[in-house]
There are 4 protein chains.
Amino acid sequence: MKNYSVRTDLALEEKERFASDNVEVQGVVLEEEYDEENEIRLTRVVIETENGAKIMGKPTGIYLTLESPDLALEVEENSRVLQERICDCIRELIFHKISCEDGKELKILFVGLGNRAVTPDALGPYVADHLEVNRHIVKEYGKYAMRTEQLIVLSAIVPGVMGQTGMETAEIVRGIVYETKPDLILAVDALAARNSRRLNRTIQIADTGIHPGSGVGNYRNAMTEESLGVPVIGIGVPTVVDAATIVNDTMENFITALEQSQALRSTGEILRSYSPAEKYEFVKELISPHLNGMFVTPKDVDEMVHQISHTIAASLNLLFSDINAGESE
Amino acid sequence: MKNYSVRTDLALEEKERFASDNVEVQGVVLEEEYDEENEIRLTRVVIETENGAKIMGKPTGIYLTLESPDLALEVEENSRVLQERICDCIRELIFHKISCEDGKELKILFVGLGNRAVTPDALGPYVADHLEVNRHIVKEYGKYAMRTEQLIVLSAIVPGVMGQTGMETAEIVRGIVYETKPDLILAVDALAARNSRRLNRTIQIADTGIHPGSGVGNYRNAMTEESLGVPVIGIGVPTVVDAATIVNDTMENFITALEQSQALRSTGEILRSYSPAEKYEFVKELISPHLNGMFVTPKDVDEMVHQISHTIAASLNLLFSDINAGESE
Amino acid sequence: MKNYSVRTDLALEEKERFASDNVEVQGVVLEEEYDEENEIRLTRVVIETENGAKIMGKPTGIYLTLESPDLALEVEENSRVLQERICDCIRELIFHKISCEDGKELKILFVGLGNRAVTPDALGPYVADHLEVNRHIVKEYGKYAMRTEQLIVLSAIVPGVMGQTGMETAEIVRGIVYETKPDLILAVDALAARNSRRLNRTIQIADTGIHPGSGVGNYRNAMTEESLGVPVIGIGVPTVVDAATIVNDTMENFITALEQSQALRSTGEILRSYSPAEKYEFVKELISPHLNGMFVTPKDVDEMVHQISHTIAASLNLLFSDINAGESE
Amino acid sequence: MKNYSVRTDLALEEKERFASDNVEVQGVVLEEEYDEENEIRLTRVVIETENGAKIMGKPTGIYLTLESPDLALEVEENSRVLQERICDCIRELIFHKISCEDGKELKILFVGLGNRAVTPDALGPYVADHLEVNRHIVKEYGKYAMRTEQLIVLSAIVPGVMGQTGMETAEIVRGIVYETKPDLILAVDALAARNSRRLNRTIQIADTGIHPGSGVGNYRNAMTEESLGVPVIGIGVPTVVDAATIVNDTMENFITALEQSQALRSTGEILRSYSPAEKYEFVKELISPHLNGMFVTPKDVDEMVHQISHTIAASLNLLFSDINAGESE
């Protein structure tokens, strides 16, 4: 069945698409827990089988999603709890992908995806700005130069976007991996959500890397273990909604309104019985072609993106300073 | 009658709203000319009476709109013709507002409105970056220090937005006007259009200043002769569409689709007969409240806004180097 | 006597100039205290008389200087103690200039001086980026809208530099003061030091405002109570040394080397006996004219300026959240 | 002989060091031509032998230096002649290193070296901002997608500096070369000059790549054919002078002043007879250690660097649009 639904970068939203139809998806496990005190919702989507991957339109793997109104708060006000939860999620996926023997260093390459010059796409570059790389120091002075018994050797790159470089991001990163041999990549990217409610309050952490999506930038290539040769933990925050999404939502709302109206109910029911493909056929010529390549974003996106970049960087710094803490428990 | 139509900053689009209903608006004159060779369309909306102003939702005055696909081209490729037409429009409105005697200097304060940190709102600040102010040089060395027999004494301010300053932009500019006594203000601002087709290819020049609208920034105050004490020429380019506009457009398209369908035509006709207020009532609960404060903008907005800022600055530099050229013709 | 000494923006350094000659300056009081535990040195220079002002080349008033290696550390590592000491110094000078009755709001205009585009001159604009203004909120919703019983009503402006605006900074700020009637101005500026040891670890807080100096920007005008109409607390951090300073220092060092040399001692002694004016005559033609308008700054100035801006902003936020704390003690 | 002279990135200045002593350097050829009408001086230093390389402290190769007061002018005012001369120099060195058969594409990787966040070091990143890469377009649509019969396939990277990435720039670029197989690298970097007169009016183009120098950034690694595997044309503009240079210059000037003085001549003569190493010994303890890691730069460095980046980008765009023009003559 061809589905006209707009793509989302969030596994959570793909799952909801089916959940709303009360369909259970074989090969996909969904768990949810809500921390009421701290207002943090954790959703765990595990795509276990190729069949599940096909239905979800996403590769097999673990997708952790944290939702919290605190994500875009100032770091000082930001509950330390949220940073710790983000840190825990990233640590879990790292140790799911690689085992780190005691006392051995773990070489991480951070990749800040996106375009620094376009506000809602600048999340990855901004996070890179707040990290303290140390690979060059460890390389020159040995790991005993580090203040703590640091096990993480961190490097970072902001590769730019294809319109600026003429190269696919994956080509650039693959070359750097070839030269510098990290054990693992952490990539941060701004995502597109399907639902504007999710903007700037949702963070998805996946052990499947970053996949080409409907994000802000165009032509983005997969950043995965297959394409890069080392495991990739993808960290994404939706900062935009694709403009076409708004159109779909409006149509759905309109059909609902027709159904609720005494006089127009029959039309609503007829439309509701259409398959997504039929609905799409019905209106496709009417959707403005000018909406292609457009995105929807909040007016205060600049402040949002800055604050979120601080929150993620604080979580990563927690992780880097104490990588094994969660393990030993 | 309360009208649910989304506001537009473009007088041209307000006029179209009525034109599409074949209504002639009393007190509003519309002229259009199209330069086929250079693909430049000039629309002149003159709101002559208070009645016209009331219907249009805009103050009496002259609104010149140039539309051209070249507006966001690189300045070098950019037809020089377009820059000259923009220059001519600004010059016309300047001399409509003030008379400049031979040999007398004309003191202009340029105001770059908007938020430098939010890409689609950064047009005003970017234009300011490309201007060469000279007021401090003329003040120190006299006007004979200038290379040409320059008649324009230029100063410029990028006042920031209320969320950054805690002050209304008009308060800041009024204070500077009080201190530095310019004859005229030229203000550049990023606007919101109603139609996404207009983005980044339309420039509106108005002798009525800048009015609070649905632009990118919130809480923007009027920058007018009334509020500032000197004439204000407002120069605006739409770089965003309000997200709510997309919803309206989709509903309209949907109704059209219903009308064209054999089975559903009656519903379409019923809906068409609704007044805007009734349509609004029908769907208001279904419009996502999350769309408030959201805007729609193209993915390549960064490049667009930079190029347009260069085009406008080039037009202004043409104007400043030869202010009287158009007069003597 | 014409003095060839390079200007410094630091009262502390002016004083040292005399101290090194064991001259006590009439009308100038110097007190110093050192907090060994926190490595913070506080120097208080009070210029009490017009005679003192003449000798020091600075207006009468109180100049507090804090020196600490922690100033440019990251805010988290940064001892909270330093922030509190900075906060105390600013509060002391505010209450020296104005009395604030219980329950009355205190309207403060923050001015971030300097050029955002030149790294060592961007301190003022960067501090402005980290402040939370509230004047617009208090104006719209009343002071009860604020979370705490906030007494500070804060607005902020980044006026730019004369080469960008064509206006003197004092003109711009005077206009804004006229319109918005603040009780007091807090102005932050990057300064020039005489001694490169002081860069990025010294902060001067003065109740005399900001004076034209040898700072990064050219043509800077006085920002004082005389020029602006309300008291001005100036907060400055040296981020550059004037290039000519290096020349002077080298000559002094050279003369010392000559004196210490068996063979060349007599020349050293002769040169030492020269007055500054004579020394200046001796070498003036040899100082490269290309050094005019040049400054010396560290290679890591970008990181320095960012960190210091965070430290100052944290101190100001402490102050604003608890303006009277120090008073009641 | 250990030489205390401060390093310069300009071959021209190394040569001058000897020229001033009337020493002819074996294995080094110097040619100079001056275009009086356009005020452009071209100096060609060819280091032909290993002996010459040893004396000059620079590898064998061709170093073309253009000096012109127009380099930092606005591009519009900028004589087109200067852009063409820069373009000619780059083209000459490209075809000196590789032969380009008719109709075959030439794959160029542009590398914008330096730190975007430190004004005098941002030249490379700024030039990258103004280039139009096309590799991704040629790769997707074939070279016939290009407007002209374009032979250049351009990609570009802004790798950042080691303090931001934890990686040597050469590691990053080597990886990208490995993945994308360019024929040639063009690298732009901000340099350090020995003489402040040269700042912002000199451009050096060398077929030996970029060598670790005393530039703004620390720890910069060689970007050469040896380290990267493909020829590297290095394009550099001095934007800073090392602070230690000023000290040396002052000492030299001081010695000259002593020699010219009746009373102190003998001391001057004694000092003059010292070898550089002896001079260094004489004053080394007196040179402020705080000057390490400091650079000297003009106050208007921001405007300078922006304008120069436009001039270089214009020259490169000339080159890319017409790579073979000079060849066929």
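Bear in mind the structure is a predicted one, so any value in this text is a computation, not a measurement.

Colleague: Any chance you could break down the packing of helix α9 (residues 243-260) of chain C against helix α10 (residues 265-273) of chain C for me, citing the residues and the numbers?
Modeller: Packed helix pairs are characterised by how far apart their axes lie and by the angle those axes make with each other. All names here are of chain C. Contact pair α9 / α10: the axes reach a minimum separation of 6 Å and the direction vectors enclose 135°. For the element pair α9 / α10, the angle class is oblique. Where α9 crosses over α10, the handedness of that crossing is left-handed. Between α9 and α10, the residues in contact are E252, I255, T256, L258 and E259 and R265, T267, G268, E269, L271 and R272, respectively.

Colleague: How would you summarise the domain arrangement of chain A if you had to cite specific residues and measurements?
Modeller: All names here are of chain A. Under the domain assignment used here, chain A contains domain 1 (11-244 + 293-324) and domain 2 (245-287). Each partner contributes to the interface: domain 1 provides 7 residues, whereas domain 2 provides 5 residues. Approximately 480 Å² of surface area, both sides summed, lies buried where domain 1 meets domain 2, with 47% of it carried by carbon and sulfur atoms. On the domain 1 side of the interface with domain 2, the three residues burying the most area are R194, A243 and A244, jointly 73% of the side's total. At the boundary of domain 1 with domain 2, the tally comes to 0 salt bridges. Where domain 1 packs against domain 2, one counts 0 residue pairs in polar contact (both at pLDDT 80 or more). Broken down by secondary-structure element, the contributors of at least two residues to the side of domain 1 that touches domain 2 are β8 (232-242) and α9 (243-260). Classifying every residue of the side of domain 1 that touches domain 2 by side-chain character gives 5 nonpolar, no polar and 2 charged.

Colleague: Residues and numbers for the state of the cysteines, please.
Modeller: Scanning all chains against the criterion turns up 0 disulfides over all chains. Considering cysteine sulfurs only, C89 of chain D is the nearest to C87 of chain D, which forms no disulfide, with 9.3 Å between them.

Colleague: Could you give me a rundown of the environment of R116 of chain A, with the residues and numbers involved?
Modeller: All names here are of chain A. Tracing the backbone shows R116 in the loop between β4 (106-112) and α4 (123-130). Owing to a relative accessible area of 35%, R116 belongs among the partly exposed residues under this scheme. Here the alpha-carbon distance between R116 and G175, two residues 59 residues apart in the chain, equals 22 Å. Sequence-distant contacts of R116, defined by excluding residues within four places in its chain, comprise A122, P125, Y126, D129 and V158. Only 2.9 Å separates the side chain of R116 from the side chain of D129, close enough to count as a polar contact.

Colleague: Mind laying out unusual backbone geometry, listing which residues take part and the relevant values?
Modeller: Its identity is not glycine, yet K181 of chain B carries a phi of approximately 50°, on the positive side. Within the secondary structure, K181 of chain B sits in the loop between α7 (169-180) and β6 (184-193). The exposure class of K181 of chain B is partly exposed, given its relative accessible area of 48%. Phi is positive for E39 of chain C, which is not a glycine, with a value near 55°. Secondary-structure assignment places E39 of chain C in the loop between β1 (28-35) and β2 (40-47). Judged by relative accessible area, which is 43%, E39 of chain C ranks as partly exposed.

Colleague: Explain the environment of G124 of chain A residue by residue, including any values.
Modeller: Along the polypeptide, G124 of chain A turns up in helix α4. With near-sequence residues (within four places) excluded, G124 of chain A lies in contact with F110, G112, L113 and V188 of chain A.

Colleague: Please set out helix α12 (residues 301-321) of chain C residue by residue, giving values where relevant.
Modeller: With 21 residues, α12 of chain C extends 30 Å between its outermost C-alpha atoms, agreeing within 8% with the 30 Å of an ideal straight helix rising 1.5 Å per residue. With 16 of 21 residues buried, α12 of chain C is to be regarded as a mostly interior element.

Conventions and cut-offs
- Residues numbered from 1 in each chain as written.
- Chains lettered and ligands numbered in written order.
- Predicted model: local features only at pLDDT ≥ 70, side-chain atom pairs only at ≥ 80, totals over all residues.
- Heavy atoms only, no water.
- Axes fitted to C-alpha atoms, helices over the stretch in contact; angles between N-to-C directions.
- Helix = DSSP H or I, 4+ residues; strand = E, 2+ residues; numbered from the N terminus.
- Parallel < 35°, antiparallel > 145°, perpendicular 65-115°, else oblique.
- Left-handed = near helix turned anticlockwise from the far one by under 90°.
- Contact = heavy atoms within 4.5 Å.
- Domains from an automatic or database assignment.
- Buried area = accessible area lost by both parts, 1.4 Å probe.
- Salt bridge = Lys/Arg side-chain N within 4 Å of Asp/Glu carboxyl O.
- Polar contact = N/O pair within 3.5 Å; in protein donor to acceptor, adjacent residues only side chain to side chain.
- Nonpolar A, V, L, I, M, F, W, Y, C, P; charged D, E, K, R; others polar.
- Disulfide = S-S within 2.5 Å.
- Buried < 20%, exposed > 50% of the residue type's maximum accessible area, 1.4 Å probe, protein only.
- Expected span 1.5 Å × (residues − 1).

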